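# Fold and geometry: a report
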Amino acid sequence: MPWALVTLLLAACQPPHQPDQLVVASRSSLDSVDPVDVTSFAGGQLLSAIGDPLYASDAAGQLQPRLATALPQLSADGRRARIPLRQGVRFHDGTPFNAAAMVFSLERFRALGKLSYLLDERISAIRASGPYELELRLTRPYGALAALLSSSNLTPVSPAAYRQHRRRSLRDRFVGTGPYQLVRSTPQQQTLRPFSGYWGPAARNRGVQVVTLSNSTALYGALISGEVDLLLSQGLESDQQRELARRSGRGLLVQTVGPAVEIGYLTLLSDRPPLDHPQLRRAVALSLDRRLISERVSYGMRSPLRSLVPPPLPGSHPPSWPAYGPQQARSLLRGAGYCNGRRLSLPLTFRSNVPADRLFALTWQAQLQRDLGDCLQLEITGVESTTAYRQLDKGAFPMIVLDWAGDYPAADVYVTPLLACSRASGFRCLEGSSAAFGSFWSAPGLQRQLQASEALQGPALARRLDAIQRRVADGAAYIPLWQTAPRAWAQPALAPPVFDGSGRVVLQQLHRRRT
Amino acid sequence: MSRRRHLLRYLAGRLALVPLMLWLIASLVFLLLRVAPGDPIDALLGTRAPREAREALRHQLGLDQQLLSQYGHYLSDLLHGQLGQSLSNQEPVRAVIGRSLPASLELGLVALLIAAVLGLAVGFSGIARPEGKVDLAARLFGIGTYALPPFWAAMVVQLVFAVWLGWLPVGGRFPATLQPPAGSGFYLLDSLLAGDAAQFQGALRHLVLPASTLGLLLSGVFANALRLNLRRALDSDYVEAARSRGLSERRVVLRHALPNALLPVLTITGITVASLIGGALLIEVTYSWPGIAFKLQEAIGQRDYPVVQGIVVVVAALVVAVSVVVDLMVALLDPRVSF
């Protein structure tokens, strides 16, 4: 009885939810808010609100200058880029943003950043060619330079505030130029207040609290109870996402879907039995009923994908991989000597700590049993993800389901990391990303094609990526499965959330509807 | 030899074993972490970075050194009281523990208080009429709470009180709209000392559900222990003698049987405290309570070797300390205990 009374009393004294501050919930805690440490999507989401990269991708996938005033001006050989910077911008500590600050930030990221390879692979030197002009020397011509520089990890930080942190990270403070100031930060909570000196449009709310809840049930419950205003889909189970979508359909919540940034795909080990025959790999590609898999794994929320590049990026359309064709698959398997009393047994590995992977393995196994049971069967095995990553480049998995998200919105970051091969022998990759990702597949001339595509933009890039993907689809060492688009659900009093081209919610656009 | 000297000798013997035990635990956890497939780079970057970048990061974090060299550095740091730095953000492990441990202890102590009060009340309730309805209900309570899956109980409590009724928060340790109190890390205590009613209320509101759930789950142990030991005490000769001297039943129970029945409960309390020092993982995860068990689970998933090693060693040391204290208390209170 006394316990119940205490509970009632505390409930009665419930502090009001501040109407002018919004509460955003996600699953990942943040041990550090320093761009050199951030590797998670949640960290990128926070940096996108408190930081300001040189460029940003809008919801339509178009790159817009932010701290730059124009797209990079490339030299004739494509190896030097000059970027004019915005003037009159101040950091949160009042110090001015200029080329020297940008050089400091980028060099610091190169020295300390866990994702420093973003710059190391592309940029050999950085200097200020003027007080408001940045000059980059590129390792080779790169058409997606602006997209690279839109990464939230490359947001500038105040040299004055980070003077003592040139060689070590500053975990719980951030001083950038973004529309919000980070007022307070713990791993579970971050408090953002609009920066009064922001150069761009003011935030449409009076502040945001970002909170972490460690499991999907708590996240779901917090949104339903009204404790949080906005919930991001990372970390939510498919069942819960479906229920939230249903509630949105009934007007109880507001849902927005962002651009797909993550793809799910199969890697097939192409240099040793049983999948060293392209014919068998093509049969596997034809045996996938992506529509069924999408329904069973994610209630349709992970849309089927037949391209390595997710839309709306160039190279995503038309799809290069074949659609579901069980008869064609059967024909190929028969040609290889299976189906007439002889079944091909294929091991499929999935990451045991990723629920969607497990569901995929079970669904596909059952679907094959139904459609090609006399020709093909799967033997599924679960392996913890860290173990799987460690063993990939050792050729430990004949088939494994993985996912991939680009570090920035550019088509080549979905293609090159999977296919690049620095040393190949015919169709076998001996050294390079293709080996690191477990397929060990290449094709004569493919590496040259990939490198040549990096310098291209627009329709020329799309055509080149289309040609590359057709070759990859023919080799069938990689088979795209689905695309995952981020979702956000908000209380009905809020206007629909807006996503940027990197799949992050634009927090400064969050606001309550006028009633 | 006097009893006091026996006790001191026992204490010295226990304390002498502590360094050996901690060394064994530290070495075991060091080895097990490195034997497990995958390393912090794999956990941090997955398949993202090219091989050269991953190797560079391994080198930067000292993970490419010989195992023996890493072990030597680790032991040397431990002997100097250094627990190293987190691999994910270079935060000193001491700071990580300093932030997480008070959260677990605060939760554990309040839960223990609830468990003791509730458990002892239930355990005592059926004593007037053994095998009666109240006694049966008490037994069912003891068994039922012990058998409840913690995560299920926590989710049901969360669903009812936080989601359906909206009375209390779903999770977390402190309201997002307030600044946590500074000080010891025990938010209730720090806010009381600061005289900040809003902070105190905020901390208490977030503590009610996880502490009540954990307390409920633990109370069955106390209820059963008291019930069984009180039954045994009431059947003993000295109680019979007390009754034959004409003492009232109330006096017999409260002054003779109950103190003796509480001694085993004290031992159980000590064991419970020792287990709570390491945090109640399922409760912490369900309620997003940023305690030591939750942090340990995160660190294991991230293969953050220094954090895992540091937490295990510190928790082991605290558990040993608590068990020694409980043994001493039992020895001091019970003259029958000898060493």
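Cut-offs used in this document
- Just so you know, the residues in each chain are numbered from 1, in the order the chain's sequence is written.
- Labels follow written order: the first chain is A, the first ligand is 1, and so on.
- The model is predicted, so local features are restricted to residues of pLDDT at least 70 and side-chain atom pairs to those at 80 or more, both for listing and for counting; the totals for chains, interfaces and linings are taken over all residues.
- Here a strand is any run of E in DSSP of at least two residues, a helix any run of H or I of at least four, and the numbering for each starts at the N terminus.
- Radius of gyration here uses only the C-alpha atoms, and the compact-globule reference equals 2.2 Å multiplied by the residue count raised to the power 0.38.
- Counting other C-beta atoms within 10 Å of each residue's C-beta, where C-beta atoms are placed from the backbone, gives the exposure class: buried for 20 or more, exposed for 12 or fewer, partly exposed between.
- Note on contacts: each residue gets a C-beta atom placed from the backbone, and two residues are in contact if those atoms are within 7 Å.
- Gly is put with the polar residues, along with every residue not named as nonpolar or charged; the nonpolar set is Ala, Val, Leu, Ile, Met, Phe, Trp, Tyr, Cys and Pro, and the charged set is Asp, Glu, Lys and Arg.
- Note: two strands are recorded as paired if DSSP finds a minimum of 2 bridges between them.
- A fitted line through C-alpha atoms represents every axis, and for helices the fit uses only the stretch in contact; the resulting angles, taken between N-to-C directions, go from 0 to 180 degrees.
- Known as pLDDT, the predictor's confidence for each residue is given on a scale from 0 to 100.
- By convention in this section, buried Ala, Val, Leu, Ile, Met, Phe, Trp, Tyr and Cys residues joined through C-beta atoms within 7 Å make up a nonpolar core.
- Under this scheme an angle from 65 to 115 degrees is roughly perpendicular, one under 35 degrees roughly parallel, and one over 145 degrees roughly antiparallel; angles in between are oblique.
- Handedness of each helix crossing follows the sense of rotation of the near helix against the far helix: counterclockwise by less than a right angle gives left-handed, clockwise gives right-handed.
- Multiplying 1.5 Å by the residue count of a helix minus one yields the expected span of that helix.
- For a residue, the bend is simply the angle between two axes, fitted respectively to the seven-residue segment ending there and the seven-residue segment starting there.

What follows is about the overall build of chain A. For chain A, the helix and strand inventory stands at 16 helices and 21 strands. The C-alpha radius of gyration computed for chain A amounts to 25 Å, which stays within 12% of the reference 24 Å derived for 515 residues, consistent with globular compactness. Projecting the C-alpha coordinates of chain A onto the three principal axes gives extents of approximately 75 × 75 × 40 Å. A total of 515 residues make up chain A; the buried ones form 54% of that total. Excluding contacts between residues fewer than 6 apart, the proportion of contacts in chain A whose partners are at least 24 apart in sequence is 69%.

Scanning chain B from terminus to terminus reveals 14 helices and zero strands. Ordering the α and β elements of chain B from the N terminus gives α-α-α-α-α-α-α-α-α-α-α-α-α-α. By the burial criterion, 40% of the 339 residues in chain B qualify as buried. Considering only contacts in chain B between residues 6 or more positions apart, those separated by 24 or more positions represent 71%.

Another aspect to go through is unusual backbone geometry. Here Pro-273 of chain A and Pro-274 of chain A are connected by a cis peptide whose omega angle stands at 5 degrees. Mapped onto the secondary structure, Pro-274 of chain A falls in the loop between β13 (262-268) and α8 (278-286). Omega for the bond connecting His-317 of chain A with Pro-318 of chain A falls within 30 degrees of zero, at 0 degrees, which places this linkage in the cis form. Considering the arrangement of structural elements, one finds Pro-318 of chain A in the loop between β14 (302-304) and α10 (326-335). The phi torsion at Cys-339 of chain A lies on the positive side, around 85 degrees, for a residue other than glycine. Mapped onto the secondary structure, Cys-339 of chain A falls in the loop between α10 and β15 (344-351). Looking at Cys-339 of chain A, the number of C-beta atoms within 10 Å reads 20, which means it is buried. At Ser-288 of chain B, a position not held by glycine, the phi torsion is positive, near 50 degrees.

The interface is formed by 47 residues belonging to chain A together with 46 residues belonging to chain B. Residue assignment for the side of chain A that touches chain B shows that the elements contributing at least two residues are α1 (2-12), α4 (117-120), β10 (208-212), α6 (216-224), α12 (385-392) and α14 (433-436) of chain A. When its residues are assigned to classes, the side of chain A that touches chain B shows 18 nonpolar, 20 polar and nine charged.

Turning next to the sheet that holds strand β5 (residues 80-84) of chain A. Residues and elements named next belong to chain A. Read across the open sheet, the four strands follow the order β4-β5-β7-β6; overall the sheet is antiparallel. Each end of this open sheet is capped by a strand with a single partner; those strands are β4 (73-74) and β6 (123-130). Pairing of β6 with strand β7 (residues 133-138) involves six bridges; the strand directions are antiparallel. Along β7, the bridge assignment pairs Ile-126 with Leu-136. Strand contacts of helix α3 (residues 99-112): β6 and β7, with the helix running at about 165 degrees to β6, the strand carrying the most contacts.

On to the environment of Leu-348 of chain A, then. Residue and element names in this part refer to chain A. By secondary structure assignment, the location of Leu-348 is in strand β15. Among the residues examined, Leu-348 registers 21 C-beta atoms within 10 Å and is labelled buried. Sequence separation between Leu-348 and Leu-378 is 30 residues, and the spatial gap between their C-alpha atoms is 6.4 Å. Contacts of Leu-348, omitting those with residues within four sequence positions, involve Ala-361, Leu-378, Glu-379, Ile-380 and Met-399.

Another point: the confidence of the model for chain B. In low-pLDDT regions, the fine details of the predicted coordinates are not to be read closely. All names here are of chain B. When pLDDT is averaged across chain B, the result is 87; 99% of the residues are at 70 or more. Across chain B, element-level confidence peaks in helix α8 (residues 187-194) with a mean pLDDT of 95 and bottoms out in helix α2 (residues 40-45) with 80. On the interface metric, ipTM, the complex scores 0.84, and its pTM is 0.89.

Bringing the sheet that holds strand β12 (residues 254-257) of chain A into the picture now. Residues and elements named next belong to chain A. A sheet is described by the order of its strands in space; here seven strands give the open sequence β8-β9-β10-β1-β11-β21-β12, paired in mixed fashion. Each end of this open sheet is capped by a strand with a single partner; those strands are β8 (180-186) and β12. For this sheet, the mean inter-axis angle between neighbouring strands, taken without regard to orientation, is 20 degrees. Two strands pair when backbone bridges link them, and strand β11 (residues 230-232) and strand β21 (residues 487-490) are joined in this way by three bridges, in the antiparallel orientation. For Leu-231, the partnering residue across the bridge sits in β21 and is Trp-489. Strand contacts of helix α2 (residues 41-50): β1 (22-26), β8, β9 (189-194) and β10, with the helix running at about 140 degrees to β8, the strand carrying the most contacts.

Further remarks concern the nonpolar core. One finds Val-415 and Ile-479 of chain A together with Ile-311 of chain B to be the most contacted residues of the largest nonpolar core, which totals 238 residues. Top element by residues in this core is helix α9 (residues 197-234) of chain B. It accounts for 17 residues.

What follows covers the packing of helix α9 (residues 290-298) of chain A against helix α11 (residues 355-372) of chain A. Residue and element names in this part refer to chain A. Between α9 and α11, the shortest axis-to-axis distance is 9 Å and the interhelical angle comes to 135 degrees. Looking at the two axes, α9 sits oblique to α11. The chirality of how α9 crosses α11 is right-handed. Each of Leu-292, Ile-293, Arg-296, Val-297 and Ser-298 in α9 lies in contact with α11, whose residues at this interface are Ala-356, Leu-359, Phe-360, Thr-363, Trp-364 and Gln-367. Looking at side-chain class alone, the contact of α9 with α11 contains seven nonpolar, three polar and one charged residues.

Let us now look at the environment of Tyr-389 of chain A. As for its placement among the helices and strands, Tyr-389 of chain A is situated in helix α12. Separated by 61 residues in sequence, Tyr-389 of chain A and Leu-450 of chain A have C-alpha atoms that sit 24 Å apart.

Let's shift gears to the environment of Glu-106 of chain B. Residues and elements named next belong to chain B. With respect to the helices and strands, Glu-106 occurs in helix α5 (residues 93-125). Glu-106 sits 81 residues away from Tyr-187 along the chain, and the two C-alpha atoms are 8.1 Å apart. For Glu-106, the residues in contact, after removing those within four places along its chain, are Phe-186, Tyr-187 and Leu-188.

Residue pairs spaced three or four apart in an α-helix point in one direction, given the helix's 3.6 residues per turn. Spanning 15 residues, helix α7 (residues 150-164) of chain B covers 20 Å between terminal C-alpha atoms, matching the ideal 21 Å at 1.5 Å per step. By the largest-angle criterion, Gln-158 of chain B marks the main kink of α7 of chain B, which is about 30 degrees. Every buried residue belonging to α7 of chain B is among Ala-154, Met-155, Gln-158, Phe-161, Ala-162 and Val-163 of chain B, and all of these are buried. In the core, the buried residues of α7 of chain B are packed alongside α6 of chain A together with α9 and α12 (281-286) of chain B. Backbone geometry just after α7 of chain B places Gly-166 of chain B at a positive phi near 65 degrees.

Residue and element names in this part refer to chain B. Here helix α6 (residues 133-147) crosses α9 at 135 degrees, and the two axes come no closer than 7 Å. In terms of orientation, α6 lies oblique with respect to α9. For the crossing formed where α6 meets α9, the hand is left-handed. In this structure, α6 uses Ala-138, Phe-141, Gly-142, Ile-143, Gly-144, Thr-145 and Tyr-146 to contact α9, whose residues at the interface are Leu-216, Leu-217, Ser-219, Gly-220, Val-221, Ala-223, Asn-224 and Arg-227.

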